[in-house]
Amino acid sequence: MSDDRILRPDEEGHYARAAHELDRASQSRFAPGRHPVDRIAGQMGAIETRRRFFSRSAQGIGALALASLLGENAAAKTIGGLPGLPHFAPKAKRCIYLHLVGAPPQMETLDYKPKMQEWFNKDLPDSIRQGQRLTTMTSGQSRFPIAPSIFKFAQYGKSGAWVSDLLPYTGKMVDDIAIIRSMHTEAINHEPAITFFQTGFMIAGRPCIGSWLSYGLGTMNQDLPAFVVLQAKHYNPRANVQAISSRLWSAGFLSGRYSGVSLRSSGDAVLFVNNPDGVPVAVRRRMLDALDEMNQMTYQKLGDPETNTRIAQYEMAFRMQASVPELTDVSKEPASTWEMYGEDARKPGSFAQTCLMARRLAERGVRFTQVYHRGWDVHGELPAVLPSQCKEIDQACWALVQDLKQRGMLDDTLVILAGEFGRTIYSQGKLTATDYGRDHHPRCFSLWMAGGGVKGGVVHGETDDFSYNITKDPVHVRDLQATILHLFGIDHERFSYRYQGLDVKLTGQEKAEVVKAVLA
């Protein structure tokens, strides 16, 4: 790298290590304040500060200050985001993404396969499997016996969509949702599969979709994070649980300000937001002001944008001392709310209460709410586990969609319910007439979407009689991501971030297409 290139910051204002080393070596030769460039640097800093004010004030703490100067009406609008975004008029302003960790079986929920009743305990034909990859959990089995679903299905709505009896409330709202039965992925294990769904890459370290949207479109509420994460409890002790971690809501190589903020269901909703015992608000305010002064000095000296991120996060935490208690106080919800969501909504941390909280977050302008519900990894004891898992989510999902609808929010709030892959039609382990399990299957699975520009009453894609291969209208994970961005008014091909010499996109470098069939 040439000397002049070394001295230039990158697009985010970061300087190379070599530049810092040159600066330290140069500074060591002069007394403090006596370096020949100190006076020039001071003048340039003042000019730079003025020059950058309006270009940088669209992000972080600058945006909040600018909004306060412009008054409450301006503060209520979008703060931050990139110039030129959205690319076109968006249909969605917010997203509530409900992820069923562990991957529910599609042939027990949304992909009806009645012909499999004739195949009980018969081997999966080689012509269907076609040598496809298996997990190590079943690759050693001597045979792959077909396990038809023991649960019944019925047709619902104007579309006549087939939905499992395990999901009667979902059946009631099929005309509000679009069901995609032809999802597929390359990932066959949970961690890379969930990471792929959330970040567009199977290896951790990339920004998740909530971070991408926060970065590109900014926030609609200066008192709450743009991106919030909720983890719902599951209650069946026999359910197989997959671990998840904060890597799934990381901002990756984007600024830390775009990371998801996890709200807890018990104790303090956010750790370390409240003042310690004996520390009044006025003292905390003075402490933050003093800390802000020190951080500003650090920024003026080093020019590291992450310093401004720290300032913004401290200020957000201070404002959340008031906004979070108001958010989590559901005591003023009317009786009709509890009737709609069910009594489970009164249980802290239940999926039903989490859906209610997601609605309250959407009402307050939170851009992206990510919900995780675990216990769906049905390798065994499926008939004993799946009914309770479905019962925990079914009424709550219906209530969330209807609640948004009655408040006039469904039109611009996208709701997604999905797992990370599907399950096999053959049984993992011992098969009996009343008990079986299912292994991972990435080749086809189902999900549904609602609101935010999605056309209700649609059933998109088809699979073969074994729910093993897609026969019509395949939808890849990248296609889903492109569709989500499209609903927010973003062309996924034109939305990228320069990192390590690459223009990185959520949808990656391979082809991705918007699923136009599900668009209203």
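Preceding this section is the structure that the text describes.
Definitions and limits used
- Sequence positions are assigned chain by chain, starting from 1 and proceeding in written order.
- It should be noted that, the model being predicted, local features are given only for residues of pLDDT at least 70 and side-chain atom pairs only at 80 or more, the latter also being counted only at that level, while totals for whole chains, interfaces and linings use all residues.
- To obtain the side-chain values, all non-hydrogen atoms of the structure were used and water was disregarded.
- Helix and strand assignments follow DSSP, with helices taken as H or I runs no shorter than four residues and strands as E runs no shorter than two, numbered in order from the N terminus.
- When checking whether two residues touch, look at their non-hydrogen atoms; a contact exists if any pair is within 4.5 Å.
- Here the rule is simple: two strands pair whenever DSSP picks up at least two bridges between them.
- Orientation is described by axes fitted as lines to C-alpha atoms, over the contacting stretch for helices, and by angles from 0 to 180 degrees between their N-to-C directions.
- Roughly parallel here means an angle under 35 degrees, roughly antiparallel means over 145, roughly perpendicular means 65 to 115, and every remaining angle is called oblique.
- Should the near helix be turned anticlockwise from the far one by less than a right angle, the crossing is termed left-handed; should it be turned clockwise, right-handed.
- Residues were grouped as follows: Ala, Val, Leu, Ile, Met, Phe, Trp, Tyr, Cys and Pro as nonpolar; Asp, Glu, Lys and Arg as charged; and all remaining residues, including Gly, as polar.
- Here the term patch refers to residues with relative accessible area over 30% and no salt bridge, with like charges joined within 9 Å and nonpolar side chains (Val, Leu, Ile, Met, Phe, Trp, Tyr) within 5 Å.
- What sets the accessible areas is the Shrake-Rupley method with a 1.4 Å probe; for residues, cover comes only from the shown protein chains.
- The term salt bridge refers to a side-chain nitrogen of Lys or Arg lying within 4 Å of a carboxyl oxygen of Asp or Glu.
- Exposure categories follow from relative accessible area, calculated using a 1.4 Å probe and restricted to protein chains: below 20% of the type maximum is buried, above 50% is exposed, and the middle band is partly exposed.
- We place a 1 Å grid over just the protein atoms. Points where a 1.4 Å probe fits but has no way out form a cavity, open points with protein on both sides within 12 Å along at least 5 of 7 lines form a pocket, and any residue with an atom within 4 Å of a point lines it.
- Grid points are joined across faces, edges and corners, and a volume is the space filled by probe spheres set on the points.

Novice: Could you give an account of the side chain of Arg359, naming the residues involved and the relevant values?
Specialist: With respect to the helices and strands, the residue Arg359 is situated in helix H13 (residues 351–363). Not counting the four nearest positions on each side in its chain, Arg359 is found in contact with Ile96, Glu333, Thr337, Tyr341, Leu400, Asp403, Leu404, Arg407 and Met409.

Novice: Describe in detail the pairing of strand S3 (residues 161–164), supporting the description with residues and values.
Specialist: Pairing analysis gives four bridges linking strand S2 (residues 153–156) to S3, with the strands arranged antiparallel. By the bridge assignment for S3, Tyr156 is matched with Ala161. Remark: four residues form the turn of the hairpin made by S2 and S3, two consecutive strands paired antiparallel; Gly157 in that turn has positive phi of roughly 70 degrees.

Novice: Tell me what's going on with the packing of H13 against helix H14 (residues 382–406), and back it up with residues and numbers.
Specialist: The description of two packed helices rests on the angle between their axes and on the distance between the axes. Direction vectors running N to C along H13 and H14 enclose 15 degrees, while the axes themselves pass 8 Å from each other. Regarding the angle of H13 to H14, the classification is roughly parallel. As for how H13 packs across H14, the hand of that crossing is right-handed. For the pair H13 and H14, the contacting residues are Phe351, Ala352, Cys355 and Arg359 in the first and Glu392, Ile393, Ala396, Cys397, Leu400, Asp403 and Leu404 in the second. For the contact of H13 with H14, the residue count by class is eight nonpolar, no polar and three charged.

Novice: Tell me about a nonpolar patch on the surface, and name the residues and values.
Specialist: A surface patch of nonpolar side chains, about 260 Å² in accessible area, is lined by Phe201, Met202 and Ile203. Tracing the chain through its elements places Ile203 in the loop between helix H8 (190–199) and helix H9 (209–217). Looking at Ile203, the relative accessible area reads 56%, which means it is exposed.

Novice: Go over empty space enclosed by the protein with me, naming the residues and quoting the values.
Specialist: A water-sized probe, rolled over the atoms, reveals where empty space remains. This structure, assessed with the given rule, holds four cavities of 30 Å³ or more. Considered as a void within the structure, the largest cavity measures approximately 160 Å³ in volume. If you trace the largest cavity, you find 18 residues lining it, with Leu100, Thr109, Leu110, Leu167 and Leu417 closest to the centre. Of all elements in the fold, only H14, strand S8 (413–418) and strand S11 (445–450) reach the threshold of two or more residues within the lining of the largest cavity. Among the residues making up the lining of the largest cavity, the classes are represented as 12 nonpolar, five polar and one charged.

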